[in-house]
Amino acid sequence: MPKQEAGCCEPLPEDPLAAEQAAELSAMFKALGDPVRLRLLSMIASRSEGEVCVCELTPAFELSQPTISHHLKLLRQAGLVDCERRGTWVYYWVRPETTDRMAAMLSSVSERRAVTA
């Protein structure tokens, strides 16, 4: 790929997202790159009580309980949900600080595009 000549284009603005932030956010977005995990997050987030029992999530999918647990573990590792065991069942809830951070990053991209358009 040929190197661009100096002055042919306006210089890029400063990188708005540091490498460390990009690595953290990419792990979160990667976790949502699977339709099952995206649906799980949506189901958990839509609950008005703020949390949902795993026993309510599993029947919504044609997947085994261990597979659902694996997907939930990946969402937990990405920081998107948290959970608590109560007796035999595990209850999940969305971590709003994480989803708000993702939303803020996407909003900033949209705002920059609107300014340059």
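Since this is a predicted model, take the numbers as computed values, not measurements. Here the residue numbers are simple positions, counted from 1 along each chain's written sequence. This being a predicted model, a pLDDT of at least 70 is required before a residue's local features are given, and a value of 80 or more before pairs of side-chain atoms are given or counted; all residues contribute to the totals for chains, interfaces and linings. The side-chain values count all of the structure's non-hydrogen atoms but skip hydrogen atoms and water molecules.

Q: Give a description of the overall build of the chain that names residues and reports values.
A: Secondary structure elements are defined from DSSP: runs of H or I of at least 4 residues count as helices, runs of E of at least 2 residues count as strands, and each element is numbered from the N terminus. The helix and strand inventory of the chain stands at five helices and three strands. When the helices and strands of the chain are placed in sequence order, the string is α-α-β-α-α-β-β-α. The criterion used for residue contact is that any of the two residues' heavy atoms lie within 4.5 Å. Long-range pairs, those at least 24 residues apart, make up 55% of the contacts in the chain with a sequence separation of at least 6. Calculation of accessible area relied on Shrake-Rupley with a 1.4 Å probe; when residues are assessed, cover is drawn exclusively from the protein chains displayed. When the accessible surface of the chain is split by element, carbon and sulfur atoms take 56% of a total near 8300 Å².

Q: Which residues make up the environment of M105, and what are the values?
A: Within the secondary structure layout, M105 lies in helix α5 (residues 96–116). On a C-alpha basis, the gap between M105 and P16 in space is 9.6 Å, while along the polypeptide they are 89 residues apart.

Q: Any details on the environment of S26? Residues and values, ideally.
A: With respect to the helices, strands and loops of the structure, S26 is situated in helix α1 (residues 19–31). Here the alpha-carbon distance between S26 and A78, two residues 52 residues apart in the chain, equals 9.4 Å.

Q: Which residues make up the pairing of strand β2 (residues 81–86), and what are the values?
A: Alignment of β2 against strand β3 (residues 89–94), held across six bridges, turns out to be antiparallel. Each residue of the ladder has a partner; that of V81, found in β3, is V94. The criterion for strand pairing is that DSSP finds at least two bridges linking the strands in question. Where β2 hands over to β3, the hairpin turn is made up of two residues, of which G87 adopts a positive phi near 70°.

Q: Explain helix α4 (residues 65–77) residue by residue, including any values.
A: For a helix, the expected span equals 1.5 Å multiplied by the residue count minus one. Over its 13 residues, α4 extends 18 Å from the first C-alpha to the last, a length consistent with the 18 Å expected when each residue adds 1.5 Å. Turning to α4, its buried residues are I68, H71, L72 and L75. One face of α4 carries all of its buried residues, which in axial projection span an arc of 100°. Of the exposed residues in α4, the ones pointing more than 90 degrees away from its buried face are P66 and Q77. The cut-offs for exposure are 20% and 50% of the maximum accessible area for each residue type, with area from a 1.4 Å probe on protein chains only; residues under the lower value are buried, those over the upper are exposed, and the others partly exposed. Throughout, the arc means the angular range of directions from the helix axis out to the C-beta atoms.

Q: Tell me what's going on with the packing of aromatic side chains, and back it up with residues and numbers.
A: Only Phe, Tyr and Trp rings take part, Trp by its six-membered ring, and two of them pair if their centres are within 6.5 Å. Stacked means planes under 30 degrees apart, edge-to-face means over 60, and tilted covers everything else. For the structure on display, the rule yields zero aromatic pairs. In this analysis the charged atom, NZ for Lys or CZ for Arg, is taken to sit over a ring once it is within 6 Å of the ring centre and within 35 degrees of the ring normal. We note R86 situated over the ring of Y91; from NZ or CZ to the ring centre the distance is 4.4 Å.

Q: For the nonpolar core, give the residues involved together with the corresponding values.
A: Within this scheme, the nonpolar core is defined by two criteria: the residues are buried Ala, Val, Leu, Ile, Met, Phe, Trp, Tyr or Cys, and they are joined through side-chain atoms within 4.5 Å. Ranked by size, the top nonpolar core spans 23 residues in total, and within it L40, I44, L72, L75, L80 and Y92 carry the most contacts. Among the elements that take part in this core, helix α2 (residues 35–45) stands out by supplying four residues, more than any other. When residues no more than four places from it in sequence are discounted, the contact partners of Y92 are I44, G50, E51, V52, V54, L72, R76, V81, D82 and C83.

Q: Lay out the sheet that holds strand β1 (residues 52–53) in plain terms, naming residues and giving numbers.
A: With antiparallel pairing, three strands are arranged side by side in an open sheet as β1-β3-β2. Both outer strands of the open sheet, β1 and β2, are each paired with one neighbouring strand and no more. Relative to β3, β1 runs antiparallel, the two sharing two bridges. Bridging across to β3, V52 finds its partner in Y92. Note on method: axes are straight lines fitted to C-alpha atoms, helices fitted across the in-contact stretch only, with angles between N-to-C directions ranging 0 to 180 degrees. Contacts from α2 reach β1, β2 and β3 within the one sheet, and its direction differs from that of β3 by about 85°.

Such coordinate-based values are descriptive only and should not be taken to indicate function.
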